[in-house]
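Remarks on the overall topology
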Amino acid sequence: MSEQLSVWELVVNASLLVQVVMGLLALASVVSWMMIFQRWFFLNRVARNVDEFEDHFWSGIDLRALYNELDGKDDLTGIESMFVAGFKEYSRMAEQPNADADAIMQAVQRATRVTLNREEGRLEATLPFLATVGSTSPYVGLFGTVWGIMNSFRGLANMTQATLASVAPGISEALVATAMGLFAAIPAVIGYNRFSARVEVLMKRYEAFSDEFISILHRAAHSRGKSNTPGSPQ
Amino acid sequence: MVFALRMYILPLLLAVAIHALAALALVRGFNPEAITTKVIKPQIVQSKLIVLEPKRSKTKPKPIPKPMLTPAPVVQPKPEPKPLPKPEPKPKAEPAKPKVDAAAKRKAALKKKQEQEAQAKAERLQALADQSFMDALDDEQAMLDEVADASDAAVDAAAAQSFRMGIYQAVVGNWSRPPSARQGMQVTLLVELVPTGDVVSVSIVDSSGNGAFDRSAQSAVNKVGQFVVPTESELFERHFRKFTLLFKPEDLLR
(Lines give C-alpha, C1' and ligand atoms only; values in the text may rest on other atoms or scores of the structure.)
Protein backbone atom coordinates (compact mmCIF):
# COMPACT_ATOMS: atom_id res chain seq x y z
CA MET A 1 0.00 0.00 0.00
CA SER A 2 2.96 2.33 -0.50
CA GLU A 3 2.19 5.47 -2.40
CA GLN A 4 5.38 5.39 -4.39
CA LEU A 5 6.76 2.29 -6.01
CA SER A 6 10.37 2.25 -6.96
CA VAL A 7 11.81 -0.35 -9.27
CA TRP A 8 13.97 -1.54 -6.46
CA GLU A 9 10.98 -2.14 -4.23
CA LEU A 10 9.28 -4.01 -7.02
CA VAL A 11 12.29 -6.26 -7.46
CA VAL A 12 12.74 -6.85 -3.75
CA ASN A 13 9.09 -7.59 -3.13
CA ALA A 14 8.71 -9.97 -6.05
CA SER A 15 8.11 -13.63 -5.42
CA LEU A 16 11.09 -15.95 -5.33
CA LEU A 17 10.64 -17.43 -8.77
CA VAL A 18 10.25 -14.02 -10.36
CA GLN A 19 13.38 -12.90 -8.53
CA VAL A 20 15.28 -15.89 -9.83
CA VAL A 21 14.12 -15.09 -13.35
CA MET A 22 15.16 -11.48 -12.91
CA GLY A 23 18.57 -12.49 -11.61
CA LEU A 24 19.06 -14.85 -14.50
CA LEU A 25 18.16 -12.15 -16.96
CA ALA A 26 20.43 -9.60 -15.29
CA LEU A 27 23.28 -12.08 -15.46
CA ALA A 28 22.52 -12.86 -19.10
CA SER A 29 22.46 -9.16 -19.86
CA VAL A 30 25.81 -8.50 -18.19
CA VAL A 31 27.46 -11.47 -19.87
CA SER A 32 26.04 -10.66 -23.27
CA TRP A 33 27.27 -7.08 -23.01
CA MET A 34 30.64 -8.43 -22.04
CA MET A 35 30.61 -10.66 -25.11
CA ILE A 36 29.54 -7.76 -27.27
CA PHE A 37 32.44 -5.59 -26.14
CA GLN A 38 34.88 -8.43 -26.38
CA ARG A 39 33.77 -9.35 -29.89
CA TRP A 40 33.85 -5.73 -30.89
CA PHE A 41 37.44 -5.22 -29.80
CA PHE A 42 38.50 -8.59 -31.17
CA LEU A 43 36.93 -8.15 -34.59
CA ASN A 44 38.32 -4.63 -34.88
CA ARG A 45 41.77 -5.92 -34.11
CA VAL A 46 41.44 -8.82 -36.54
CA ALA A 47 40.24 -6.53 -39.32
CA ARG A 48 43.16 -4.17 -38.71
CA ASN A 49 45.58 -7.08 -38.74
CA VAL A 50 44.18 -8.43 -41.98
CA ASP A 51 44.67 -5.02 -43.58
CA GLU A 52 48.23 -4.78 -42.31
CA PHE A 53 49.13 -8.31 -43.29
CA GLU A 54 47.70 -8.03 -46.78
CA ASP A 55 49.59 -4.80 -47.29
CA HIS A 56 52.73 -6.52 -46.07
CA PHE A 57 52.13 -9.63 -48.15
CA TRP A 58 51.53 -7.78 -51.39
CA SER A 59 54.38 -5.36 -50.83
CA GLY A 60 56.72 -7.71 -52.68
CA ILE A 61 58.39 -9.21 -49.64
CA ASP A 62 60.05 -12.59 -50.01
CA LEU A 63 57.71 -15.27 -48.67
CA ARG A 64 60.43 -17.14 -46.85
CA ALA A 65 61.50 -13.91 -45.16
CA LEU A 66 57.90 -13.25 -44.19
CA TYR A 67 57.61 -16.79 -42.87
CA ASN A 68 60.74 -16.46 -40.83
CA GLU A 69 59.50 -13.16 -39.47
CA LEU A 70 56.16 -14.62 -38.39
CA ASP A 71 57.23 -18.07 -37.25
CA GLY A 72 58.70 -16.93 -33.99
CA LYS A 73 55.72 -14.75 -33.10
CA ASP A 74 53.61 -15.81 -30.16
CA ASP A 75 50.09 -14.71 -31.01
CA LEU A 76 49.37 -15.03 -34.65
CA THR A 77 46.14 -13.57 -35.95
CA GLY A 78 43.97 -15.57 -38.31
CA ILE A 79 45.44 -14.60 -41.60
CA GLU A 80 49.02 -14.84 -40.34
CA SER A 81 48.53 -18.31 -38.89
CA MET A 82 46.92 -19.38 -42.17
CA PHE A 83 49.96 -18.19 -44.06
CA VAL A 84 52.35 -19.80 -41.60
CA ALA A 85 50.51 -23.14 -41.69
CA GLY A 86 50.37 -23.19 -45.48
CA PHE A 87 53.98 -22.20 -45.93
CA LYS A 88 55.23 -24.60 -43.30
CA GLU A 89 53.43 -27.46 -45.02
CA TYR A 90 54.80 -26.39 -48.37
CA SER A 91 58.39 -26.23 -47.12
CA ARG A 92 58.12 -29.58 -45.46
CA MET A 93 56.68 -31.27 -48.53
CA ALA A 94 59.08 -29.51 -50.87
CA GLU A 95 62.04 -30.77 -48.88
CA GLN A 96 61.16 -34.34 -49.80
CA PRO A 97 62.87 -35.02 -53.10
CA ASN A 98 60.29 -37.40 -54.54
CA ALA A 99 57.16 -35.36 -53.74
CA ASP A 100 55.32 -34.32 -56.86
CA ALA A 101 53.68 -30.93 -57.24
CA ASP A 102 50.08 -32.18 -56.91
CA ALA A 103 50.80 -33.96 -53.65
CA ILE A 104 52.43 -30.83 -52.28
CA MET A 105 49.49 -28.70 -53.26
CA GLN A 106 46.99 -31.11 -51.72
CA ALA A 107 48.87 -31.02 -48.44
CA VAL A 108 49.06 -27.21 -48.52
CA GLN A 109 45.38 -26.91 -49.31
CA ARG A 110 44.51 -29.24 -46.45
CA ALA A 111 46.67 -27.27 -44.05
CA THR A 112 45.20 -23.90 -45.00
CA ARG A 113 41.66 -25.28 -44.93
CA VAL A 114 42.15 -26.62 -41.43
CA THR A 115 43.53 -23.29 -40.28
CA LEU A 116 40.71 -21.44 -42.02
CA ASN A 117 38.15 -23.55 -40.19
CA ARG A 118 39.87 -23.00 -36.88
CA GLU A 119 40.01 -19.27 -37.49
CA GLU A 120 36.35 -19.21 -38.38
CA GLY A 121 35.67 -20.87 -35.08
CA ARG A 122 37.72 -18.21 -33.28
CA LEU A 123 35.90 -15.38 -35.03
CA GLU A 124 32.50 -16.82 -34.28
CA ALA A 125 33.22 -17.74 -30.68
CA THR A 126 30.59 -16.42 -28.25
CA LEU A 127 28.23 -15.47 -31.06
CA PRO A 128 26.03 -18.50 -30.30
CA PHE A 129 25.71 -17.20 -26.77
CA LEU A 130 24.47 -13.85 -28.04
CA ALA A 131 22.01 -15.64 -30.30
CA THR A 132 20.72 -17.70 -27.41
CA VAL A 133 20.29 -14.71 -25.13
CA GLY A 134 18.63 -12.76 -27.92
CA SER A 135 16.13 -15.43 -28.70
CA THR A 136 15.33 -16.87 -25.28
CA SER A 137 15.51 -14.05 -22.78
CA PRO A 138 12.20 -12.50 -23.89
CA TYR A 139 10.59 -15.85 -23.20
CA VAL A 140 12.30 -16.18 -19.86
CA GLY A 141 11.10 -12.70 -18.93
CA LEU A 142 7.63 -13.53 -20.14
CA PHE A 143 7.65 -16.61 -18.00
CA GLY A 144 8.47 -14.51 -14.95
CA THR A 145 5.71 -12.10 -15.83
CA VAL A 146 3.11 -14.77 -16.36
CA TRP A 147 4.05 -16.38 -13.08
CA GLY A 148 3.87 -13.08 -11.22
CA ILE A 149 0.51 -12.18 -12.74
CA MET A 150 -0.80 -15.64 -11.99
CA ASN A 151 0.14 -15.16 -8.35
CA SER A 152 -1.33 -11.73 -8.08
CA PHE A 153 -4.62 -12.91 -9.57
CA ARG A 154 -4.69 -15.89 -7.29
CA GLY A 155 -4.30 -13.47 -4.40
CA LEU A 156 -7.18 -11.48 -5.84
CA ALA A 157 -9.42 -14.51 -5.74
CA ASN A 158 -9.16 -14.64 -1.95
CA MET A 159 -10.31 -11.08 -1.53
CA THR A 160 -13.86 -10.06 -1.09
CA GLN A 161 -13.39 -6.58 -2.48
CA ALA A 162 -11.43 -6.66 -5.71
CA THR A 163 -9.67 -3.38 -6.18
CA LEU A 164 -7.16 -2.34 -8.77
CA ALA A 165 -4.75 -1.37 -6.00
CA SER A 166 -4.60 -4.95 -4.80
CA VAL A 167 -3.40 -6.37 -8.15
CA ALA A 168 -1.53 -3.43 -9.65
CA PRO A 169 1.70 -3.84 -7.64
CA GLY A 170 1.88 -7.53 -8.45
CA ILE A 171 1.37 -6.97 -12.15
CA SER A 172 3.84 -4.11 -12.11
CA GLU A 173 6.51 -6.22 -10.49
CA ALA A 174 5.79 -9.06 -12.85
CA LEU A 175 6.17 -6.78 -15.84
CA VAL A 176 9.63 -5.80 -14.62
CA ALA A 177 10.68 -9.32 -15.61
CA THR A 178 9.51 -8.80 -19.19
CA ALA A 179 11.26 -5.47 -19.32
CA MET A 180 14.48 -7.10 -18.18
CA GLY A 181 14.11 -9.85 -20.73
CA LEU A 182 13.77 -7.33 -23.52
CA PHE A 183 16.61 -5.29 -22.06
CA ALA A 184 18.87 -8.32 -22.31
CA ALA A 185 17.58 -9.52 -25.66
CA ILE A 186 17.70 -6.39 -27.78
CA PRO A 187 21.45 -5.66 -27.52
CA ALA A 188 22.20 -9.35 -27.89
CA VAL A 189 20.22 -9.63 -31.12
CA ILE A 190 21.73 -6.44 -32.52
CA GLY A 191 25.21 -7.58 -31.53
CA TYR A 192 24.69 -11.02 -33.00
CA ASN A 193 23.51 -9.68 -36.34
CA ARG A 194 26.24 -7.12 -36.57
CA PHE A 195 29.06 -9.44 -35.58
CA SER A 196 27.97 -12.34 -37.73
CA ALA A 197 27.92 -9.96 -40.70
CA ARG A 198 31.43 -8.81 -39.86
CA VAL A 199 32.62 -12.39 -39.39
CA GLU A 200 31.23 -13.21 -42.79
CA VAL A 201 33.13 -10.31 -44.36
CA LEU A 202 36.34 -11.39 -42.64
CA MET A 203 35.86 -14.99 -43.71
CA LYS A 204 35.43 -13.84 -47.32
CA ARG A 205 38.76 -12.04 -47.07
CA TYR A 206 40.43 -15.09 -45.49
CA GLU A 207 39.14 -17.31 -48.25
CA ALA A 208 40.21 -14.89 -50.96
CA PHE A 209 43.65 -14.68 -49.40
CA SER A 210 44.00 -18.41 -49.01
CA ASP A 211 43.02 -18.93 -52.67
CA GLU A 212 45.57 -16.39 -53.80
CA PHE A 213 48.23 -17.79 -51.52
CA ILE A 214 47.60 -21.33 -52.71
CA SER A 215 47.79 -20.23 -56.33
CA ILE A 216 51.16 -18.63 -55.64
CA LEU A 217 52.40 -21.82 -53.99
CA HIS A 218 50.90 -23.80 -56.85
CA ARG A 219 52.89 -21.83 -59.33
CA ALA A 220 56.01 -22.30 -57.19
CA ALA A 221 55.42 -26.05 -56.78
CA HIS A 222 55.08 -26.60 -60.49
CA SER A 223 58.19 -24.66 -61.28
CA ARG A 224 60.05 -26.39 -58.49
CA GLY A 225 62.58 -27.90 -60.86
CA LYS A 226 64.17 -24.54 -61.46
CA SER A 227 64.16 -23.01 -58.01
CA ASN A 228 63.24 -24.74 -54.78
CA THR A 229 61.70 -21.78 -53.00
CA PRO A 230 58.79 -19.70 -54.16
CA GLY A 231 59.62 -16.18 -54.99
CA SER A 232 57.84 -13.10 -53.94
CA PRO A 233 54.23 -12.80 -55.05
CA GLN A 234 53.75 -10.75 -58.16
CA MET B 1 43.94 -19.44 -21.23
CA VAL B 2 45.33 -16.61 -19.15
CA PHE B 3 45.53 -14.56 -22.29
CA ALA B 4 41.92 -15.39 -23.13
CA LEU B 5 40.79 -14.36 -19.64
CA ARG B 6 42.70 -11.10 -19.89
CA MET B 7 40.83 -10.39 -23.09
CA TYR B 8 37.56 -10.41 -21.16
CA ILE B 9 38.51 -8.08 -18.32
CA LEU B 10 37.95 -4.78 -20.08
CA PRO B 11 34.71 -5.94 -21.74
CA LEU B 12 33.45 -7.15 -18.39
CA LEU B 13 34.19 -3.82 -16.75
CA LEU B 14 32.44 -1.98 -19.58
CA ALA B 15 29.42 -4.26 -19.37
CA VAL B 16 29.13 -3.79 -15.62
CA ALA B 17 29.48 -0.03 -16.04
CA ILE B 18 26.69 0.04 -18.62
CA HIS B 19 24.41 -1.91 -16.32
CA ALA B 20 25.21 0.27 -13.37
CA LEU B 21 24.36 3.34 -15.44
CA ALA B 22 21.12 1.78 -16.63
CA ALA B 23 20.14 0.81 -13.09
CA LEU B 24 20.94 4.29 -11.82
CA ALA B 25 18.91 5.94 -14.56
CA LEU B 26 16.06 3.59 -13.84
CA VAL B 27 16.03 4.20 -10.11
CA ARG B 28 16.34 7.94 -10.58
CA GLY B 29 13.90 8.24 -13.43
CA PHE B 30 11.30 5.76 -12.32
CA ASN B 31 9.56 7.86 -9.72
CA PRO B 32 5.94 8.16 -10.59
CA GLU B 33 4.78 11.38 -8.99
CA ALA B 34 2.30 10.69 -6.27
CA ILE B 35 -0.99 11.50 -7.85
CA THR B 36 -2.78 13.90 -5.60
CA THR B 37 -6.46 13.78 -6.15
CA LYS B 38 -7.73 17.28 -5.93
CA VAL B 39 -11.31 17.51 -4.91
CA ILE B 40 -12.62 20.25 -7.09
CA LYS B 41 -15.68 21.83 -5.67
CA PRO B 42 -18.25 22.20 -8.38
CA GLN B 43 -18.51 25.68 -9.73
CA ILE B 44 -21.75 27.32 -8.77
CA VAL B 45 -23.78 27.52 -11.88
CA GLN B 46 -27.07 28.26 -10.21
CA SER B 47 -28.88 31.31 -11.44
CA LYS B 48 -28.17 33.51 -8.48
CA LEU B 49 -30.28 36.45 -9.54
CA ILE B 50 -33.42 34.48 -10.09
CA VAL B 51 -33.10 32.90 -6.70
CA LEU B 52 -32.16 36.13 -5.02
CA GLU B 53 -34.85 38.49 -6.26
CA PRO B 54 -37.85 36.97 -4.53
CA LYS B 55 -35.81 36.76 -1.37
CA ARG B 56 -34.87 40.39 -1.58
CA SER B 57 -38.43 41.52 -2.06
CA LYS B 58 -39.46 39.37 0.83
CA THR B 59 -36.88 40.72 3.18
CA LYS B 60 -37.03 44.31 2.07
CA PRO B 61 -40.35 45.45 3.44
CA LYS B 62 -39.84 43.86 6.80
CA PRO B 63 -36.80 45.57 8.13
CA ILE B 64 -37.16 48.90 6.46
CA PRO B 65 -40.24 50.53 7.94
CA LYS B 66 -39.77 49.34 11.47
CA PRO B 67 -36.15 49.95 12.21
CA MET B 68 -36.10 53.07 10.17
CA LEU B 69 -38.94 54.71 11.98
CA THR B 70 -38.17 53.91 15.55
CA PRO B 71 -34.50 54.33 16.15
CA ALA B 72 -33.74 57.07 13.71
CA PRO B 73 -33.79 60.53 15.22
CA VAL B 74 -34.91 61.82 11.89
CA VAL B 75 -38.43 60.67 12.54
CA GLN B 76 -39.02 63.00 15.44
CA PRO B 77 -39.51 66.07 13.33
CA LYS B 78 -42.62 64.51 11.86
CA PRO B 79 -44.93 64.97 14.78
CA GLU B 80 -43.52 68.44 15.37
CA PRO B 81 -44.76 70.06 12.24
CA LYS B 82 -48.34 69.41 13.40
CA PRO B 83 -48.48 72.05 16.05
CA LEU B 84 -46.76 74.45 13.74
CA PRO B 85 -49.34 74.76 10.99
CA LYS B 86 -52.01 75.65 13.60
CA PRO B 87 -50.44 78.81 14.84
CA GLU B 88 -49.45 79.69 11.35
CA PRO B 89 -52.79 80.69 9.90
CA LYS B 90 -53.46 82.99 12.82
CA PRO B 91 -50.44 85.16 12.48
CA LYS B 92 -51.02 85.25 8.79
CA ALA B 93 -54.26 87.15 9.28
CA GLU B 94 -52.56 89.77 11.44
CA PRO B 95 -49.99 91.51 9.31
CA ALA B 96 -48.02 92.77 12.24
CA LYS B 97 -44.47 93.71 11.63
CA PRO B 98 -42.83 91.91 14.48
CA LYS B 99 -44.91 88.95 13.50
CA VAL B 100 -43.59 89.09 9.98
CA ASP B 101 -40.31 88.53 11.53
CA ALA B 102 -41.71 85.65 13.46
CA ALA B 103 -43.45 84.36 10.34
CA ALA B 104 -40.20 84.58 8.44
CA LYS B 105 -38.56 82.82 11.25
CA ARG B 106 -41.20 80.22 11.24
CA LYS B 107 -40.96 79.94 7.50
CA ALA B 108 -37.26 79.46 7.80
CA ALA B 109 -37.84 76.90 10.46
CA LEU B 110 -40.38 75.20 8.27
CA LYS B 111 -38.01 75.27 5.38
CA LYS B 112 -35.35 73.89 7.58
CA LYS B 113 -37.65 71.17 8.76
CA GLN B 114 -38.62 70.38 5.22
CA GLU B 115 -35.02 70.25 4.28
CA GLN B 116 -34.34 68.07 7.21
CA GLU B 117 -37.20 65.93 6.25
CA ALA B 118 -36.00 65.67 2.69
CA GLN B 119 -32.57 64.89 3.90
CA ALA B 120 -33.92 62.29 6.24
CA LYS B 121 -35.92 60.87 3.44
CA ALA B 122 -32.88 60.72 1.21
CA GLU B 123 -30.93 59.20 4.01
CA ARG B 124 -33.64 56.73 4.60
CA LEU B 125 -33.71 55.87 0.94
CA GLN B 126 -29.98 55.53 0.93
CA ALA B 127 -30.10 53.37 4.00
CA LEU B 128 -32.84 51.38 2.44
CA ALA B 129 -30.81 50.87 -0.70
CA ASP B 130 -27.80 49.96 1.38
CA GLN B 131 -29.86 47.66 3.43
CA SER B 132 -31.27 45.86 0.44
CA PHE B 133 -27.84 45.61 -1.07
CA MET B 134 -26.44 44.20 2.13
CA ASP B 135 -29.34 41.85 2.33
CA ALA B 136 -28.69 40.70 -1.17
CA LEU B 137 -25.05 40.22 -0.37
CA ASP B 138 -25.95 38.32 2.76
CA ASP B 139 -28.33 36.17 0.82
CA GLU B 140 -25.76 35.46 -1.80
CA GLN B 141 -23.17 34.65 0.81
CA ALA B 142 -25.60 32.39 2.57
CA MET B 143 -26.37 30.62 -0.64
CA LEU B 144 -22.70 30.22 -1.51
CA ASP B 145 -22.06 28.90 1.95
CA GLU B 146 -24.92 26.53 1.55
CA VAL B 147 -23.58 25.21 -1.75
CA ALA B 148 -20.07 24.99 -0.36
CA ASP B 149 -21.40 23.21 2.69
CA ALA B 150 -23.25 20.83 0.45
CA SER B 151 -20.16 20.01 -1.60
CA ASP B 152 -18.06 19.80 1.56
CA ALA B 153 -20.58 17.44 2.95
CA ALA B 154 -20.43 15.39 -0.23
CA VAL B 155 -16.64 15.20 -0.05
CA ASP B 156 -16.87 14.34 3.64
CA ALA B 157 -19.40 11.68 2.94
CA ALA B 158 -17.22 10.16 0.23
CA ALA B 159 -14.21 10.17 2.55
CA ALA B 160 -16.24 8.74 5.37
CA GLN B 161 -17.60 6.09 3.04
CA SER B 162 -14.10 4.99 2.05
CA PHE B 163 -13.06 4.78 5.67
CA ARG B 164 -16.21 2.89 6.49
CA MET B 165 -15.43 0.44 3.71
CA GLY B 166 -11.95 -0.04 5.13
CA ILE B 167 -13.37 -0.66 8.58
CA TYR B 168 -15.86 -3.14 7.24
CA GLN B 169 -13.18 -5.01 5.36
CA ALA B 170 -10.96 -5.10 8.42
CA VAL B 171 -13.80 -6.58 10.42
CA VAL B 172 -14.66 -9.14 7.75
CA GLY B 173 -10.98 -10.03 7.46
CA ASN B 174 -10.77 -10.78 11.16
CA TRP B 175 -14.05 -12.62 11.33
CA SER B 176 -14.05 -16.31 11.81
CA ARG B 177 -17.23 -17.91 10.72
CA PRO B 178 -19.07 -19.81 13.40
CA PRO B 179 -20.54 -23.13 12.24
CA SER B 180 -24.05 -21.99 12.99
CA ALA B 181 -23.84 -18.93 10.72
CA ARG B 182 -26.38 -18.99 7.93
CA GLN B 183 -26.93 -16.87 4.92
CA GLY B 184 -28.75 -13.64 5.52
CA MET B 185 -27.82 -13.27 9.15
CA GLN B 186 -27.03 -9.75 10.16
CA VAL B 187 -26.12 -8.04 13.35
CA THR B 188 -25.89 -4.35 14.07
CA LEU B 189 -23.07 -3.35 16.34
CA LEU B 190 -22.48 -0.06 18.06
CA VAL B 191 -18.76 0.67 17.96
CA GLU B 192 -17.08 3.45 19.87
CA LEU B 193 -13.62 4.60 18.93
CA VAL B 194 -11.10 7.08 20.19
CA PRO B 195 -9.38 9.38 17.71
CA THR B 196 -6.45 6.99 17.34
CA GLY B 197 -8.88 4.44 15.94
CA ASP B 198 -8.68 2.16 18.94
CA VAL B 199 -11.87 0.36 19.80
CA VAL B 200 -13.30 1.44 23.12
CA SER B 201 -16.46 -0.56 23.18
CA VAL B 202 -18.52 -2.82 21.02
CA SER B 203 -22.12 -3.53 21.85
CA ILE B 204 -24.87 -5.31 20.04
CA VAL B 205 -27.70 -3.05 18.99
CA ASP B 206 -29.69 -5.42 16.89
CA SER B 207 -29.04 -9.09 17.34
CA SER B 208 -29.18 -11.63 14.59
CA GLY B 209 -30.90 -14.06 16.85
CA ASN B 210 -27.89 -16.30 16.85
CA GLY B 211 -25.67 -15.71 19.82
CA ALA B 212 -22.64 -17.34 18.31
CA PHE B 213 -22.88 -15.19 15.24
CA ASP B 214 -23.29 -12.03 17.32
CA ARG B 215 -20.33 -12.91 19.44
CA SER B 216 -18.21 -13.73 16.42
CA ALA B 217 -18.93 -10.31 14.92
CA GLN B 218 -18.21 -8.62 18.23
CA SER B 219 -14.95 -10.45 18.67
CA ALA B 220 -13.99 -9.68 15.07
CA VAL B 221 -14.25 -5.98 15.86
CA ASN B 222 -12.27 -6.48 19.06
CA LYS B 223 -9.70 -8.49 17.20
CA VAL B 224 -9.10 -5.66 14.76
CA GLY B 225 -8.42 -3.49 17.80
CA GLN B 226 -7.44 -0.41 15.88
CA PHE B 227 -9.17 0.89 12.80
CA VAL B 228 -7.88 3.30 10.25
CA VAL B 229 -9.83 6.49 10.84
CA PRO B 230 -9.58 9.94 9.31
CA THR B 231 -7.06 12.23 10.92
CA GLU B 232 -9.32 15.26 10.54
CA SER B 233 -10.92 15.43 13.91
CA GLU B 234 -14.11 16.96 12.55
CA LEU B 235 -14.70 14.09 10.19
CA PHE B 236 -13.83 11.62 12.92
CA GLU B 237 -16.16 13.20 15.43
CA ARG B 238 -18.99 13.30 12.99
CA HIS B 239 -18.71 9.77 11.62
CA PHE B 240 -16.48 7.56 13.66
CA ARG B 241 -16.57 8.53 17.30
CA LYS B 242 -19.60 6.34 17.66
CA PHE B 243 -21.08 4.48 14.77
CA THR B 244 -23.25 1.53 14.02
CA LEU B 245 -21.88 -1.27 11.94
CA LEU B 246 -24.23 -3.51 10.05
CA PHE B 247 -22.39 -6.77 9.87
CA LYS B 248 -23.88 -8.80 7.08
CA PRO B 249 -21.24 -10.96 5.39
CA GLU B 250 -23.49 -12.49 2.74
CA ASP B 251 -20.69 -13.12 0.33
CA LEU B 252 -18.90 -15.35 2.78
CA LEU B 253 -21.82 -17.52 3.68
CA ARG B 254 -22.77 -20.41 1.54
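Scroll up for the structure.
All values reported here derive from a predicted model rather than from experimental measurement.

With that out of the way, let us pick up the overall build of chain A. Within chain A, the secondary structure is distributed over seven helices and zero strands. Order of helices (α) and strands (β) in chain A, N terminus to C terminus: α-α-α-α-α-α-α. Put simply, chain A has 234 residues, and 32% of those count as buried. Within chain A, counting contacts between residues at least 6 apart in sequence, those at least 24 apart form 81% of the total.

For the rest of this paragraph, the subject is the packing of helix H5 (residues 101-124) of chain A against helix H7 (residues 164-222) of chain A. All names here are of chain A. Interaxial distance between H5 and H7 falls to 10 Å at its minimum, and their mutual angle equals 165 degrees. By the angle class used here, H5 and H7 are roughly antiparallel. Handedness of the crossing formed by H5 with H7: right-handed. Residues Ala101, Ile104, Met105, Val108, Gln109, Thr112, Leu116, Glu119, Glu120, Leu123 and Glu124 of H5 pack against Val199, Leu202, Met203, Tyr206, Glu207, Ser210, Phe213, Ile214, Leu217, His218, Ala221 and His222 of H7.

All right, on to the sheet that holds strand E3 (residues 242-247) of chain B then. Residues and elements named next belong to chain B. If you trace the three strands from one edge of the open sheet to the other, you get E2-E1-E3, paired in antiparallel fashion. Only two strands of the sheet have a single neighbouring strand rather than two, namely strand E2 (199-206) and E3. Across this sheet, the average inter-strand angle for adjacent strands is 25 degrees, counted without regard to direction. As defined by bridge partners, strand E1 (residues 187-193) adjoins E3 across six bridges and the pair is classed as antiparallel.

What follows is about unusual backbone geometry. Residues and elements named next belong to chain A. In the Ramachandran plot, threonine 126 falls in the positive-phi region, its phi being about 70 degrees despite a non-glycine side chain. Its location among the elements puts threonine 126 in the loop between H5 and helix H6 (127-157). Owing to 19 C-beta atoms within 10 Å, threonine 126 belongs among the partly exposed residues under this scheme.

Let's shift gears to the pairing of E1 of chain B. Within a regular beta strand, the side chains point alternately toward one face of the sheet and then the other, so they alternate between its two faces. All names here are of chain B. Pairing geometry for E1 and E2, over six bridges, is antiparallel. When the sheet's bridge partners are listed, leucine 189 is paired in E2 with isoleucine 204. Linkage of E1 to E2, two consecutive antiparallel strands, is achieved through a turn of five residues, within which glycine 197 is found at a positive phi near 100 degrees.

Procedures and definitions
- Residues numbered from 1 in each chain as written.
- Chains lettered and ligands numbered in written order.
- Predicted model: local features only at pLDDT ≥ 70, side-chain atom pairs only at ≥ 80, totals over all residues.
- Helix = DSSP H or I, 4+ residues; strand = E, 2+ residues; numbered from the N terminus.
- Buried ≥ 20, exposed ≤ 12 C-beta atoms within 10 Å, placed from the backbone.
- Contact = placed C-beta atoms within 7 Å.
- Axes fitted to C-alpha atoms, helices over the stretch in contact; angles between N-to-C directions.
- Parallel < 35°, antiparallel > 145°, perpendicular 65-115°, else oblique.
- Left-handed = near helix turned anticlockwise from the far one by under 90°.
- Pairing = 2+ DSSP bridges.

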